[in-house]
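One letter stands for each residue in the lines below.
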Amino acid sequence: MSRTAAQIGATFIIKAAPAPTLTCVSDNFNRSSGIGTDWVATKVSGSFTPSIVSNRLRLTEQNTQQSTAVSFQRLFPGAGNYLQFTFKYYAYKSNGSTTNPADGIAVILSDASYTPQPGGFGGSLGYSPKASSSLAGFAGGWLGLGLDEFGNFSNRNDSGPCSPGLTCATSRVMQSVSVRGSSPNYYWIRGTGSLATTDSSTAAVSNSTGHLYRVTVDSRSSGKAMLTVERDTSGTGNSYATIIPSTDLLTYSGQASIPDNFILSLTGSTGDYTNIHEIDDLNVCAQSMNPMADQIDHFRLAVTDTPLTCTPANVQVTACMDATCSKTYSGSITATLTPTGWVGGDTRSFNSGDKLSLSKTTAGSYTLGVSGSTPTVKPFSSTLCSIAGSAYSSNCSLSFSDAGLLYTVPAQTSGVDSADITITAAKTDDVTKACVPAFTGTRAVKFWSSYVSPASGTMALAVNGTNVATSSSGTSLNLTFDANAQAKLKVNYPDAGQISLNARYDGSTATADSGLVMTGSSTFAVKPYALCVDSSASGWAACSATPAAMADPAACAKWAVAGSAFNLRVTGKAATSGQTDACKMNTTPNYIQSGIVLSSTVIAPSGGQNGDLSVKTTNITSGGTATVSTTLSEVGMFTLSATPPASAYFGLTVPAGSNRFGRFVPAGFNVSGTLTNRYQQSCSVAPSYTYLGEALKMVPSISAVNLAGGITQNYMGNYARLALSPVSGAGANGLAFGAQSGTTLLNSRLSATCVTCGSFANGSATASVALTVGRDASGAVDGPFSNAQIGLSLTDPDGVTVLNPDYRWSLSGSPDAKLLGSTVLNFGRMRVENAYGTSLVSLPVPAYVQIWNGTSFVKQTDDSCTKLVVPATISMNTGTTTALFCGGGVGLYGTLNGVAATMNAQVAGQSVALASGDARLVLGKPASGSSGYVDLVLNVPDYLKYNWDSASACSGVAPHDDNPRARIRFGARRNSSVIYQREVF
């Protein structure tokens with residue numbers, strides 16, 4: 001089945017009776033970079049690693065002695081399954097030559113419980129062993145199908161024998177396809193014989209135009225594993241011919257039973273002769289196919305003590321999830337270990353980092369390894385070993401001796417003397433094979449240390465108070481061994497990491513043991529004594545106040561803005577004589593650890609939030625120290641802590657470190673406001689203006705925020721340092737309101753009074769403030785201010801101000817305040833006109849509000865909420881004039897009586913709202929038709945008074961301190977001949 005580039009890795013369901021329903025994954029390799037996540041590639045010999053070249057998967061180049069492999073990242077259940085692999089195979093030389101092509105490729109199914117590892121190169125095609133080079137066969141190999149140009153895959157003298165009972169070739173079978181069976185024998189089972197007599201024949205195994213191969217393994221019938229191989233030399237997929245007919249592999253002698261799971265791999269090989277080997281248009285189908293679970297990258301084995309034949313050697317096994325082992329597998333592992341002799345069995349279940357014991361009763365060298373595991377190991381990975389403190393490498397040879405120095409150094413703390421460590425000079429008893437004392441008395445033993453992890457260092461290990469060498473030349477120390485051949489050691493290491501203490505005793509003539517050599521080694525971990533948490537920035541620890549004193553923020557100076565970046569440093573430290581402050585102790589430069597958790601805990605204000613550090617973890621990768629740039633979301637004083645993960649430092653837990661930091665303050669205030677015009681009036685419709693001299697209400701909402709805009713909830717109580725009360729000038733601690741219209745600054749005319757000042761809770765506060773922009777103090781009539789803007793400047797004692805200012809409080813410079821709202825400010829006055837009329841009927845009196853429009857007073861028809869009290873009737877005498885003018889009323893003179901005022905049909909003493917600016921004032925007719933005059937005065941708010949005369953007798957801001965008044969005459973007729981008349985009274 002052909003596939004497009006877009007279908008790489010796609011899953012298909014194929015139904016073809018009577019074949020089973022198959023799940024298929026295809027790969028046409030049409031990509032320019034990388035081999036893809038479905039594959040793992042390796043090279044065993046030569047410099048070439050399989051890669052995609054010209055949209056094909058190239059397994060070898062045209063070079064000699066190459067051995068490569070790729071493994072497909074799927075698991076195929078073994079029993080009860082149906083597998084079918086289709087691919088196009090190319091074998092050619094770049095110059096077109098067909099002379100001496102070699103060697104070929106192998107299609108391999110291996111037992112998934114073994115980590116895939118290629119076999120011999122050349123004619124072995126990476127599957128079978130190569131005796132001439134002492135190379136083993138493919139690890140866990142179960143089936144190897146060789147597409148063999150040179151022919152040695154079938155040659156029993158090159159790639160191994162036939163299955164018992166079969167006769168196979170003793171020389172090469174060129175241009176052939178053949179089958180070899182399972183490990184450890186890798187027997188030849190069946191082949192095609194030579195498919196072509198010449199290398200240039202179109203019937204050859206393959207050529208530059210490519211042949212299609214279809215390989216089927218059917219294990220659906222219990223106890224059977226049927227193999228069929230077909231080929232289409234046209235490459236079209238329409239002309240398959242069977243070249244290996246259906247064969248039950250399980251009928252051949254030496255063939256292993258079907259494993260639980262298979263892994264599919266391809267190997268490529270050249271020897272003294274070469275070809276380019278490529279595949280394309282791969283289609284992998286199976287009745288059952290599963291993805292690979294998380295794979296272990298490789299195992300590391302560390303021998304941590306002295307391998308003696310009289311006692312098992314301890315081996316620490318680590319399952320690494322990446323090439324550098326920065327992460328290890330966290331679950332249970334089941335693995336088969338080599339060589340034989342592991343205490344508890346060669347197949348063991350354990351956790352990464354556990355120590356297992358290997359017992360060998362015969363002196364000699366043994367190779368440590370992991371042949372397979374669950375979870376599986378990444379194909380072709382190598383086990384790495386550390387022997388006696390050496391750096392990890394692929395050298396896993398371990399020597400067991402009959403005599404040696406036994407000691408175990410337990411985990412240590414940097415800079416702290418260890419407890420007594422017992423070292424025993426032991427040998428294997430010839431009869432019992434048990435460990436027995438080797439000698440007593442004083443002996444000179446050489447000691448040296450080796451850096452294990454990290455692999456280098458600068459600090460010396462002290463043994464019994466003496467710094468020992470870091471090379472095998474050693475430092476000689478005299479030890480006294482008792483009757484049990486035991487002596488005592490103390491160690492002290494002023495650094496951290498994993499190191500080995502190595503020892504060597506050389507016998508001498510003086511001690512009657514000339515020629516005796518005894519060695520010992522113990523690998524152990526050393527953790528830092530403490531962690532220092534500090535900052536490279538100045539002033540971070542300037543506050544020495546006690547936590548109780550920190551309740552007053554003034555006890556600690558401002559250090560940083562919440563949400564702004566600062567350096568936080570974590571450093572491993574060794575115990576240092578005379579020091580109790582961790583940050584003054586000596587650094588442990590070899591301390592390396594990942595995943596150290598950073599956290600914050602509030603000290604003050606009490607009951608505050610702990611805040612959030614933007615960087616939650618840090619990794620110390622070199623030098624024993626790490627610095628991160630982080631932010632803290634909250635304000636106040638804090639304890640910042642660094643807590644390494646438990647049991648994660650070579651199985652040890654490094655103690656957490658902490659320090660006090662602060663004080664953190666807000667980045668600024670977010671401010672908004674709600675303006676209510678004429679808030680003291682009960683207006684049914686919200687007005688769009690306020691009169692000069694009349695109060696409006698401003699409700700500012702203030703939130704202290706960090707640099708990211710989040711509210712700093714700890715800005716509360718004493719730590720809310722902004723006073724929520726009005727102040728007269730910007731820069732003072734409090735609410736500095738400003739007013740302006742265009743280029744006219746009105747700050748000097750603005751007064752502010754708290755209605756409710758409020759307080760901060762969880763970082764936010766709301767105040768309610770009455771604001772009044774007064775009339776011009778000079779008495780000038782001005783306005784209207786049609787775009788009067790109200791702004792607010794905030795500054796707390798730490799210099800925290802508004803964020804994103806958009807208002808210039810003093811009209812000059814850069815914005816330094818926040819615009820809260822705008823309105824119209826009008827100069828207003830109440831006017832009452834003179835009137836006269838007959839005494840026989842009630843008399844309407846013109847009374848209405850006017851505003852200054854910039855050139856004249858005009859009626860304010862928008863005012864329907866100003867309320868005035870209907871004036872009462874007063875009998876006038878000499879002493880009542882001032883009371884009338886300042887308090888309002890209807891003043892009757894002489895014998896005139898019975899005159900009373902109404903406003904909007906409401907009687908004296910009632911409060912009446914204007915109607916579209918009009919008072920609707922009416923005076924009732926005099927009693928008994930009497931005539932005369934009255935003085936009518938309306939008592940109005942100061943902001944509607946006006947300078948109706950030159951006197952300053954009433955309340956208000958002079959000269960505009962007069963209530964409106966008029967003289968009303970009853971019993972008078974209008975003189976139509978009068979052109980102009982002015983009355984002064």
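For the structure, see preceding data.
As the structure is a computational prediction, the values presented were derived from the model and not from experiment.

Parameters and conventions
As a convention, each chain's residues are numbered from 1 in the sequence order in which they are written. pLDDT decides what is reported in this predicted model: residues at 70 or higher carry local features, side-chain atom pairs at 80 or more are listed and counted, and totals for whole chains, interfaces and linings draw on all residues regardless. As a rule here, side-chain values come from all non-hydrogen atoms in the structure, and water together with hydrogens is ignored. What counts as a helix is a DSSP run of H or I of at least four residues, what counts as a strand is a run of E of at least two, and both are numbered from the N terminus. Our radius of gyration looks at C-alpha atoms and nothing else; its globule reference is 2.2 Å times the residue count to the power 0.38. Two residues form a contact once any of their heavy atoms are found within 4.5 Å. Residue exposure ignores everything except the shown protein chains as possible cover, and the areas themselves are Shrake-Rupley values with a 1.4 Å probe. Two strands make a pair as long as DSSP finds a minimum of two bridges between them. Angular values range over 0 to 180 degrees, each being the angle between N-to-C directions of two axes fitted as lines to C-alpha atoms, with helices fitted over their stretch in contact. Pairs of cysteine sulfur atoms within 2.5 Å are what we label disulfides. Classification of residues uses two cut-offs on accessible area relative to the type maximum, computed with a 1.4 Å probe and protein chains only: under 20% is buried, over 50% is exposed, and between them is partly exposed. Salt bridges are defined by distance alone: a side-chain nitrogen of Lys or Arg within 4 Å of a carboxyl oxygen of Asp or Glu. Each Phe, Tyr or Trp ring (for Trp, its six-membered ring) is paired with any other whose centre lies within 6.5 Å, and the angle between the two planes then decides the class: stacked below 30 degrees, edge-to-face above 60, tilted in between. Any Lys NZ or Arg CZ found within 6 Å of a ring centre and within 35 degrees of that ring's normal is scored as a charge over the ring. We call a set of buried Ala, Val, Leu, Ile, Met, Phe, Trp, Tyr and Cys residues a nonpolar core when their side-chain atoms join them within 4.5 Å. By the counting scheme adopted, Arg and Lys are positive, Glu and Asp are negative, and His together with the chain ends is not counted. Polar contact is the term for a pair of N or O atoms within 3.5 Å; when the atoms are in protein, one must be able to donate a hydrogen and the other to accept it, and sequence-neighboring residues count only if both atoms are side-chain atoms.

Would you mind showing me how to read the overall build of the protein chain here?
The number of helices and strands found in the protein chain is two helices and 72 strands. Expected size for 985 residues packed as a compact globule is a radius of gyration near 30 Å; at 50 Å, the protein chain overshoots this value by more than 25%. Within the protein chain, counting contacts between residues at least 6 apart in sequence, those at least 24 apart form 69% of the total. Looking at the protein chain as shown, the accessible area adds up to about 40,000 Å², and 48% of this sits on carbon and sulfur atoms.

Would you mind going over the sheet that holds strand β63 (residues 847-852) with me for this structure?
Strand pairing in a sheet relies on backbone hydrogen bonds. The paired strands run either parallel or antiparallel. Read from one edge to the other, the open sheet built from three strands follows the order β60-β63-β64, with strand pairing classed as antiparallel. Two strands bound the open sheet, and with one partner strand each, they are β60 (828-832) and β64 (857-859). For this sheet, the mean angle separating the axes of adjacent strands, direction not counted, is 40°. Bridge count for β60 against β63 is five bridges, and the pairing is antiparallel. Counterpart to Val832 in the pairing with β63 is Ala847.

Looking at this structure, I do not really get the state of the cysteines. What am I missing?
When the sulfur atoms of two cysteines share a covalent bond, that bond is a disulfide. Following the criterion strictly, the structure yields nine disulfides and no others. Here Cys162 engages in a disulfide with Cys168; their sulfurs sit 1.3 Å apart. In terms of burial, Cys162 and Cys168 fall into one category: buried.

What's the story with the pattern of salt bridges in this structure? I'm lost.
A side chain of one charge can pair with a side chain of the opposite charge if their charged atoms are brought near each other. Across all of its chains, the model carries 23 salt bridges by this definition. With a shortest N-O distance of 3.7 Å, Asp806 and Lys818 are connected by a salt bridge. Taken together, the residues Asp806 in the loop between β58 (785-795) and β59 (818-826) and Lys818 in strand β59 connect sequence positions twelve residues apart. A salt bridge links Arg965 to Asp949, with the nearest nitrogen and oxygen atoms 2.4 Å apart. Of the two residues, Arg965 sits in strand β72 (residues 965-970) while Asp949 sits in the loop between β71 (932-937) and β72, which places them 16 residues apart along the sequence. Judged by its relative accessible area of 24%, Asp949 is partly exposed. The network of salt bridges with common partners includes Arg56, Arg58 and Glu278.

Even after reading the chapter, I still don't get the packing of aromatic side chains, so can you show me in this structure?
How two aromatic rings sit relative to each other is set out by the distance from centre to centre and by the angle between their planes. In this structure the tally under the stated criterion is 29 aromatic pairs. Both rings, one in Tyr946 and one in Trp948, keep their centres 4.9 Å apart while their planes meet at 70°; by these two values the pair is edge-to-face. Its guanidinium or amino end placed over the ring of Phe153, Arg180 lies 5.5 Å from that ring's centre, counting from NZ or CZ. In this structure, Arg967 is placed above the aromatic ring of Tyr893, and the distance from its NZ or CZ to the ring centre is 5.9 Å.

Help me understand the sheet that holds strand β33 (residues 462-463) in this model?
The strand order across the open sheet formed by three strands is β34-β33-β37, and the pairing between neighbours is antiparallel. Only two strands of the sheet have a single partner each, and these edge strands are β34 (466-467) and β37 (491-492). Here two bridges tie β33 to β37, and the two strands are oriented antiparallel to one another. Bridged to Ala462 within β37 is Asn492.

Can you help me understand the nonpolar core in this one?
For soluble globular proteins, the rule of thumb is that nonpolar side chains tend to be buried together. Core analysis: the largest hydrophobic core is formed by 44 residues, its most contacted members being Phe76, Phe87, Tyr89, Leu145, Leu147 and Tyr213. Other than its neighbours up to four places away in sequence, Phe87 contacts Val107, Leu147, His211, Leu212, Tyr213, Val215, Ile279, Asp280, Asp281 and Leu282. Counting residues in each nonpolar core, the second largest holds 38 residues, with Val635, Val665, Ile702 and Tyr946 among its members.

What is the right way to look at the environment of Pro926 in this model?
Position of Pro926 relative to the elements: it lies in the loop between β70 (921-923) and β71. Separated by 87 residues in sequence, Pro926 and Ser839 have C-alpha atoms that sit 5.9 Å apart. In contact with Pro926, other than residues within four places in its own chain, are Ser839, Leu896, Asn897, Gly898, Val899 and Phe970.

I keep staring at the environment of Ser875 and nothing clicks. Help me out?
By the secondary structure assignment, Ser875 is in strand β66 (residues 873-875). Here the alpha-carbon distance between Ser875 and Ala966, two residues 91 residues apart in the chain, equals 16 Å. Among residues more than four places away in sequence, those in contact with Ser875 are Thr880 and Leu892.

Is there a simple way to think about the side chain of Asp232 in this case?
Mapped onto the fold, Asp232 is located in strand β14 (residues 226-232). For the buried Asp232, no salt bridge exists, and the shortest N-O distance to an oppositely charged side chain is 8.1 Å, to Arg231. Within the structure, the side chain of Asp232 is placed 2.5 Å from the side chain of Ser234, a separation counted as a polar contact. Polar side-chain contacts of Asp232 include one of 3.1 Å to the backbone nitrogen of Ser239. Beyond its immediate stretch of four places on either side in the chain, Asp232 contacts His211, Leu212, Gly237, Asn238, Ser239 and Tyr240.

How should I be thinking about the pairing of strand β57 (residues 768-773) in this particular structure?
Walk down a regular strand and you will see the side chains alternate between the two sheet faces. The buried fraction of β57 is high, at six of six residues. Residues of β57 alternate between two faces, with Ser768, Ala770 and Thr772 on one and Val769, Leu771 and Val773 on the opposite face, all of them buried. Strand direction decides the pairing type here: strand β51 (residues 695-705) and β57, joined by four bridges, are antiparallel. Residue pairing across strands places Ala695 opposite Thr772, the latter belonging to β57. Relative to β57, strand β55 (residues 750-756) is paired through six bridges, and the arrangement is antiparallel. The partner of Leu750 across the bridge, within β57, is Val773.

That's the geometry; what it means functionally is another story.
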